[in-house]
Amino acid sequence: MSPINNIVGRAAEAERAGADARAAGAASGTTAFKVDSPNVRYSGDAIEADYTYDTTVVSRDVETGTLNARPAKVGYQFRTKTSIGRVGLMMVGWGGNNGSTLTASILANKKGISWETRKGTQQPNYFGSLMM
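Residues numbered from 1 in each chain as written. Predicted model: local features only at pLDDT ≥ 70, side-chain atom pairs only at ≥ 80, totals over all residues. Heavy atoms only, no water.

Where an unreviewed UniProt entry is consulted, the protein chain appears under the name Myo-inositol-1-phosphate synthase, with the organism given as Coemansia helicoidea.

Set out below in C-alpha coordinates:
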(Lines give C-alpha, C1' and ligand atoms only; values in the text may rest on other atoms or scores of the structure.)
Protein backbone atom coordinates (compact mmCIF):
# COMPACT_ATOMS: atom_id res chain seq x y z
CA MET A 1 0.00 0.00 0.00
CA SER A 2 1.39 3.40 -0.91
CA PRO A 3 1.92 6.01 1.83
CA ILE A 4 -0.89 8.17 0.40
CA ASN A 5 -3.39 5.28 0.46
CA ASN A 6 -2.25 4.36 3.97
CA ILE A 7 -2.94 7.92 5.20
CA VAL A 8 -6.35 8.01 3.48
CA GLY A 9 -7.18 4.58 4.94
CA ARG A 10 -6.20 5.72 8.44
CA ALA A 11 -8.24 8.91 8.09
CA ALA A 12 -11.34 6.94 7.09
CA GLU A 13 -10.76 4.51 9.96
CA ALA A 14 -10.35 7.41 12.41
CA GLU A 15 -13.55 9.04 11.11
CA ARG A 16 -15.51 5.79 11.62
CA ALA A 17 -14.08 5.47 15.16
CA GLY A 18 -14.95 9.10 15.87
CA ALA A 19 -18.51 8.59 14.63
CA ASP A 20 -18.87 5.52 16.88
CA ALA A 21 -17.56 7.47 19.87
CA ARG A 22 -19.88 10.39 19.15
CA ALA A 23 -22.84 8.03 18.88
CA ALA A 24 -21.92 6.33 22.17
CA GLY A 25 -21.43 9.71 23.82
CA ALA A 26 -24.77 11.00 22.60
CA ALA A 27 -26.50 7.90 23.95
CA SER A 28 -24.93 8.10 27.41
CA GLY A 29 -24.64 11.88 27.73
CA THR A 30 -20.83 11.73 27.95
CA THR A 31 -17.99 11.68 25.49
CA ALA A 32 -15.84 8.56 25.69
CA PHE A 33 -12.19 8.69 24.67
CA LYS A 34 -8.99 6.75 25.17
CA VAL A 35 -5.44 8.03 25.20
CA ASP A 36 -3.20 6.24 22.72
CA SER A 37 0.24 6.60 24.33
CA PRO A 38 2.99 4.24 25.46
CA ASN A 39 2.88 6.03 28.85
CA VAL A 40 -0.79 5.21 29.50
CA ARG A 41 -2.10 1.78 30.52
CA TYR A 42 -5.71 0.71 30.97
CA SER A 43 -6.75 -2.03 33.37
CA GLY A 44 -10.16 -3.26 34.46
CA ASP A 45 -10.56 -0.73 37.26
CA ALA A 46 -8.00 2.04 36.63
CA ILE A 47 -6.03 4.12 34.19
CA GLU A 48 -2.30 4.38 34.95
CA ALA A 49 -0.03 7.00 33.42
CA ASP A 50 3.69 7.64 33.65
CA TYR A 51 4.86 11.26 33.53
CA THR A 52 8.37 12.65 33.51
CA TYR A 53 8.73 16.18 34.83
CA ASP A 54 11.75 17.98 33.42
CA THR A 55 13.17 20.58 35.77
CA THR A 56 16.41 22.37 36.57
CA VAL A 57 18.30 22.14 39.86
CA VAL A 58 20.30 25.26 40.63
CA SER A 59 23.13 25.16 43.19
CA ARG A 60 25.87 27.56 44.24
CA ASP A 61 29.51 26.54 44.45
CA VAL A 62 30.63 27.59 47.96
CA GLU A 63 34.24 28.26 46.99
CA THR A 64 33.75 30.27 43.81
CA GLY A 65 30.18 31.54 44.29
CA THR A 66 29.29 30.28 40.82
CA LEU A 67 25.72 29.18 40.13
CA ASN A 68 25.41 25.76 38.52
CA ALA A 69 22.27 24.75 36.65
CA ARG A 70 21.77 21.03 36.13
CA PRO A 71 18.82 19.47 34.29
CA ALA A 72 16.90 16.85 36.27
CA LYS A 73 14.02 14.50 35.60
CA VAL A 74 11.41 13.50 38.16
CA GLY A 75 9.20 10.52 37.38
CA TYR A 76 5.57 10.39 38.52
CA GLN A 77 2.98 7.63 38.24
CA PHE A 78 -0.69 8.58 38.25
CA ARG A 79 -3.50 6.11 38.90
CA THR A 80 -7.12 7.08 38.28
CA LYS A 81 -9.92 4.74 39.25
CA THR A 82 -12.49 4.31 36.51
CA SER A 83 -15.32 3.21 38.80
CA ILE A 84 -17.49 5.82 40.45
CA GLY A 85 -17.20 5.60 44.21
CA ARG A 86 -19.80 6.25 46.82
CA VAL A 87 -21.06 9.78 46.45
CA GLY A 88 -22.02 11.82 49.50
CA LEU A 89 -23.39 15.23 50.28
CA MET A 90 -21.33 18.16 51.52
CA MET A 91 -23.23 20.74 53.50
CA VAL A 92 -21.55 24.14 53.80
CA GLY A 93 -21.28 25.29 57.41
CA TRP A 94 -21.70 21.78 58.81
CA GLY A 95 -18.26 21.80 60.43
CA GLY A 96 -18.98 24.42 63.10
CA ASN A 97 -20.26 23.88 66.63
CA ASN A 98 -23.91 23.58 65.63
CA GLY A 99 -23.19 21.22 62.74
CA SER A 100 -20.98 18.91 64.77
CA THR A 101 -23.52 18.86 67.64
CA LEU A 102 -26.32 18.00 65.22
CA THR A 103 -24.24 15.28 63.56
CA ALA A 104 -23.32 13.79 66.95
CA SER A 105 -26.97 13.78 68.09
CA ILE A 106 -28.13 12.08 64.89
CA LEU A 107 -25.46 9.37 65.23
CA ALA A 108 -26.07 8.90 68.96
CA ASN A 109 -29.81 8.45 68.41
CA LYS A 110 -29.24 6.15 65.44
CA LYS A 111 -26.81 3.93 67.38
CA GLY A 112 -28.87 4.05 70.60
CA ILE A 113 -25.85 4.64 72.80
CA SER A 114 -25.98 5.38 76.52
CA TRP A 115 -23.44 6.53 79.09
CA GLU A 116 -23.06 6.75 82.83
CA THR A 117 -22.92 10.04 84.73
CA ARG A 118 -23.08 10.84 88.45
CA LYS A 119 -26.83 11.35 88.05
CA GLY A 120 -27.29 7.94 86.42
CA THR A 121 -27.56 6.50 82.92
CA GLN A 122 -28.08 9.05 80.14
CA GLN A 123 -29.48 8.40 76.68
CA PRO A 124 -29.34 10.71 73.68
CA ASN A 125 -32.14 13.02 72.63
CA TYR A 126 -32.49 15.61 69.91
CA PHE A 127 -32.59 18.54 72.35
CA GLY A 128 -28.80 18.93 72.52
CA SER A 129 -27.68 21.43 75.12
CA LEU A 130 -31.16 22.93 75.67
CA MET A 131 -32.12 20.38 78.34
CA MET A 132 -30.36 20.59 81.66
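Things to note about the overall build of the protein chain
Formally: Strands here mean DSSP runs of E at least two residues long; helices mean DSSP runs of H or I at least four residues long; both are numbered from the N terminus. For each residue, the accessible area found with a 1.4 Å probe, counting protein chains only, is set against the maximum for its type, and the residue is called buried under 20%, exposed over 50%, and partly exposed in between. Residue contacts are defined here by distance: any two heavy atoms, one from each residue, within 4.5 Å place the two residues in contact. Where accessible areas are quoted, they stem from the Shrake-Rupley method and a 1.4 Å probe; at the residue level, only the protein chains shown are allowed to cover.
Counting its secondary structure elements, the protein chain contains 2 helices and 5 strands. The buried share among the 132 residues of the protein chain stands at 7%. Residue pairs at least 24 apart in sequence account for 28% of intrachain contacts in the protein chain once pairs closer than 6 positions are excluded. Here the protein chain has roughly 12,000 Å² of accessible surface; of this, 57% comes from carbon and sulfur atoms.

Quick notes on the pairing of strand β2 (residues 46–60)
To keep it simple, the criterion reads: When DSSP finds two or more bridges between a pair of strands, those strands are recorded as paired.
Relative to β2, strand β1 (residues 40–42) runs antiparallel, the two sharing 3 bridges. Counterpart to Arg 41 in the pairing with β2 is Glu 48. Hairpin connection between β1 and β2: a loop of 3 residues separates the two successive antiparallel strands. Linking β2 to strand β3 (residues 67–81), which pair antiparallel, is a turn of 6 residues; within it Gly 65 sits at a positive phi near 80°.

Re the packing of aromatic side chains
Formally: We call Phe, Tyr and Trp rings a pair once their centres come within 6.5 Å, taking the six-membered ring for Trp, and we label the pair stacked below 30 degrees between planes, edge-to-face above 60, and tilted otherwise. Two limits define a charge over a ring: the Lys NZ or Arg CZ must be within 6 Å of the ring centre, and within 35 degrees of the ring normal.
Under the counting rule described, the total for this entry stands at 1 aromatic pair. Summarising the aromatic geometry, the rings of Tyr 76 and Phe 78 are spaced 6.3 Å apart at their centres and angled 25° between planes, so their arrangement reads as stacked. A residue is classified by how much of its surface remains accessible, and Phe 78, at 45% relative accessible area, is partly exposed. Taking the ring centre of Tyr 42 as reference, the NZ or CZ of Lys 34 above it sits at 4.8 Å.

Some remarks on the sheet that holds β2
Basically, it comes down to this: An axis is simply a line fitted to the C-alpha atoms; with a helix, the fit covers only the stretch in contact. Between two such axes, the angle follows the N-to-C directions and lies from 0 to 180 degrees.
One open sheet holds the 3 strands; their spatial order is β1-β2-β3, and the pairing between them is antiparallel. A strand with exactly one partner marks an edge of an open sheet, and here the two such strands are β1 and β3. Taken pair by pair, the neighbouring strands of this sheet meet at an average axis angle of 20°, ignoring direction.

Observations regarding the environment of Val 40
As for its placement among the helices and strands, Val 40 is situated in strand β1. Counting along the chain gives 39 residues from Val 40 to Arg 79, while the straight-line C-alpha distance between them is 9.8 Å. Not counting residues up to four positions away in its chain, the partners in contact with Val 40 are Val 35, Ile 47, Glu 48 and Ala 49.

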